[in-house]
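This is what each chain is made of:
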Amino acid sequence: METNQQTSITDPIKTKDLDLNFVAEIKQQSGVNISRCLHCRCCAGGCHFHMATDYPPNHIIRLVQLGFRKEALESSTIWLCVGCNTCSVQCPMAIDMAAVMDALRQTAIKEGAALAEPDILNFHKDVLHTIKRHGRTHKLEIMMRYKARKLDLFSDFVVGTKMFAKRKLHFRPSKVKAIDEVRKTFKP
Amino acid sequence: MNMKPTIEVSYFPGCSLDSTATENNLSLINLLNRLGINLVELDDWSCCGSSSAHSLDPELAFDLANRNLSLAPAGRPLIVACPNCLLRLREAQYHLENDEKARIRYEETWGRPVDPKLQIQHYFELLDRKDLLSFTKDLVEKLNGLKCVIYYGCMLWRPPSLRHDKNYYGLMEKILASLGATVLPWTFATQCCGTFLSVTRPDVITPIANKIIRGAKDAGADFIITACAMCHMNLEIRPTVKPMVPTLHFTEIFSLALGTDDYQEWFSKHLVDPSPVLRSKGLIQ
């Protein structure tokens, strides 16, 4: 039973499985000195999505500081963070939280961690797929690919149809002429 | 009222204004033309990378944003309307200015010079610099009786590296109030709309959008006014509360107040129709 429980910030810290290099790794990847965080929790109070995430922003920082690699990389917070910068603006230590979340997402993907929100990763891939094809995002194509993969063709059918009828979703993508220039920026 | 455009600036519309928010694009071009500014679209611009590139691959995000900087002609500002595009382009520029390795990567990838003094600005900067009183002095009662709340979403917030950039909190309030509108105080002016979570986690976004709409209604607003195309879409598609409060792009209402009659293609694009209220206020036919 207890093994399924999420690590809480109030739990005693067990040092056995901690990755003590994790904080240095995320510092390097994000360019942010995470050790500056003094856990005032301003970010936690400001986060607009705290009700949906498993950890508030400063808990993520704490997990990284202490080396809870698995907990941080498998958290839903790193995917639900949209980078609105509300927390960074409130942070008295000027920690770039959005950059930390980016670094954690990239690390989670790189090492194949069990992702809490695989749909969000798929969405990002769908967006990048249309940028690679056309040089610009093509929202209809993004939505179709995303929904088809989830086998969820009906949840937004009504609003999608309305947007299509109002020509807010375009059938044809807007295209960049020098598309090779855009494509060369993508890794093969 | 109409002035011949006297100033030319470069313009990066971005994917949203090019597709889901064409009414924002049209009304922005209309508004700035009225204020004597001509927007010259960046030739063959590409996506800034949006939220997805920086989430998955920082180098891709840097390269995608830079392609647009490499296309910007020197000597005139690059104007951006989408707050997210603005951040992406400004962040890339910040790295170019402060990181030697980033500069080398830019040169190797693009081989085109970038204007080191390129000013990447939100269109608010143009409004803030203009002597708006000369445009609005004959129109001080134009928006009389219009009650609105101003919704910034997260557009005022920036990462620490860009925190010394100018902030425009109050600009929309000041302009609309000077045209006679009643700008109401409310709680949700800077509540983030959730951007792409609207697609991936509508269960999270619907309660937030409902809260915003209810907040506007409780404040007594006829309209929510926003300057972000993404916020506009989320406030139209995700709330489930009835009746809805329509959301207008700031460029639409400002242009209407300045007397445009070229709005047919704007309001037909809205999913929550603002026309009945605009008509009752005499702002459209």
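Keep in mind it's a predicted model, so treat the numbers as computed, not measured.

Student: Tell me about the overall build of chain B, and name the residues and values.
Tutor: Assigned secondary structure in chain B consists of 15 helices and 8 strands. The globule rule puts the C-alpha radius of gyration for 285 residues at 19 Å, and the 19 Å found for chain B is close to it. Viewed in the frame of its principal axes, chain B has a C-alpha envelope of about 60 × 50 × 30 Å. Counting only residues that meet the buried cut, chain B has 52% of its 285 residues in that class. A fraction of 80% describes how many contacts in chain B between residues 6 or more apart in sequence connect residues 24 or more apart.

Student: Can you break down the domain arrangement of chain B residue by residue, with the values?
Tutor: As a measure of interface size, the accessible area lost when the parts come together is often cited. Residues and elements named next belong to chain B. Looking at the assigned domains, one finds that chain B contains domain 1 (7–123) and domain 2 (137–280). Taking only C-alpha atoms, the centre of domain 1 and the centre of domain 2 are 24 Å apart. Of all elements in the fold, only α1 (14–18), α2 (22–34) and α5 (83–98) reach the threshold of two or more residues within the side of domain 1 that touches domain 2. The biggest single contributor to the side of domain 1 that touches domain 2 is α2, with 9 residues. Here the side of domain 1 that touches domain 2 is composed, by residue class, of 9 nonpolar, 9 polar and 4 charged.

Student: Talk me through the sheet that holds strand β7 (residues 223–226) of chain B; I want residue IDs and the actual numbers.
Tutor: Residues and elements named next belong to chain B. Strand order in this open sheet of 4 strands is β6-β5-β7-β8, and the pairing throughout is parallel. Across the chains shown, the open sheet's two edge strands, defined by having one partner strand only, are β6 (182–183) and β8 (247–249). Bridge count for strand β5 (residues 147–151) against β7 is 4 bridges, and the pairing is parallel. Note that in β7 the partner of Val149 across the bridge is Ile224.

Student: Explain the interface of chain A and chain B residue by residue, including any values.
Tutor: Contact with chain A, which involves 45 residues of that partner, is made by 39 residues of chain B. Listed by contribution, the elements that provide at least two residues to the side of chain A that touches chain B are α6 (86–90), α7 (97–110), α8 (118–134), α9 (139–150), α10 (157–165) and α11 (179–183) of chain A. Considering each element in turn, the side of chain A that touches chain B owes the most residues, 7 residues, to α8 of chain A. Across the side of chain A that touches chain B, the residue classes tally to 22 nonpolar, 12 polar and 11 charged.

Student: Give a description of the domain arrangement of chain A that names residues and reports values.
Tutor: Assigned domains within chain A: domain 1 (17–111) and domain 2 (120–184). The centre of domain 1 of chain A, based on its C-alpha atoms, is set 29 Å off from the matching centre of domain 2 of chain A.

Student: Explain the nonpolar core to me, and be specific about the residues and the numbers.
Tutor: As a rule of thumb, nonpolar side chains are buried together in soluble globular proteins. In this structure, Val100 of chain A together with Val80, Leu89, Cys148, Leu176 and Ile225 of chain B are the most contacted members of the largest nonpolar core, which totals 134 residues. For this core, the leading source of residues is α7 of chain A, giving 8 residues. The contact partners of Val80 of chain B, leaving out residues within four places of it in the chain, are Phe12, Gly14, Cys85, Leu86, Leu89, Ile120 and His122 of chain B.

Student: Outline helix α11 (residues 202–219) of chain B, supporting the account with residue identities and numerical values.
Tutor: All names here are of chain B. Taking 1.5 Å of rise per residue, 18 residues should cover 26 Å, and α11 covers 25 Å from first to last C-alpha, within 8% of that figure. All buried positions along α11 are accounted for by Ile205, Ile208, Ala209, Ile212, Ile213 and Ala216. Taken end-on, α11 shows its buried residues confined to a sector of 135°, consistent with a single buried face. Opposite the buried face of α11, at more than 90 degrees from it, the exposed residues are Asp203 and Asp218. Gly220 sits one or two residues past α11 and shows a positive phi near 90°.

Student: Give a detailed account of the sheet that holds strand β2 (residues 37–41) of chain B, specifying residues and quantitative values.
Tutor: All names here are of chain B. The strand order β2-β1-β3-β4 describes an open sheet built from 4 strands, whose pairing is parallel. Single-partner strands in this sheet number two, and they are β2 and β4 (120–122). Recorded for the sheet is a direction-independent mean angle of 45° between the axes of neighbouring strands. Where strand β1 (residues 7–12) meets strand β3 (residues 78–80), 3 bridges bridge the pair, whose relative direction is parallel. Note on β3: the bridge partner recorded for Ser10 is Leu78. Across the sheet, α5 is in contact with β1, β3 and β4; its angle to β4 comes to roughly 155°.

Calculation criteria
Here, residues in each chain are numbered from 1, in the same order as that chain's written sequence. Chain letters and ligand numbers both follow the written order, the letters beginning at A and the numbers at 1. For a predicted model such as this one, the threshold for reporting local features is a pLDDT of at least 70, and the threshold for listing and counting side-chain atom pairs is 80 or more; totals across whole chains, interfaces and linings nevertheless cover every residue. Put simply, DSSP marks the helices as runs of H or I at least four residues long and the strands as runs of E at least two long, and each gets a number from the N terminus on. For a compact globule the rule gives 2.2 Å times the number of residues to the power 0.38, and the radius of gyration it is set against comes from C-alpha atoms. Residues with at least 20 other C-beta atoms within 10 Å of their own are called buried, those with 12 or fewer are called exposed, and the rest are partly exposed. The C-beta atoms themselves are positioned from the backbone. We call two residues in contact when their backbone-placed C-beta atoms lie within 7 Å. Throughout, the edges of the domains are those of an automatic or database domain assignment. Charged means Asp, Glu, Lys or Arg here, nonpolar means Ala, Val, Leu, Ile, Met, Phe, Trp, Tyr, Cys or Pro, and polar covers whatever is left, Gly included. Note on pairing: DSSP must find at least two bridges between two strands before they are called paired. Each nonpolar core comprises buried Ala, Val, Leu, Ile, Met, Phe, Trp, Tyr and Cys residues, the members being joined through C-beta atoms within 7 Å. What a helix should span is 1.5 Å times the count of its residues minus one. The arc in question is traced by the directions running from the helix axis to the C-beta atoms. Only C-alpha atoms enter the line fits that serve as axes; for helices the fit covers just the stretch in contact. Angles between N-to-C directions range over 0 to 180 degrees.

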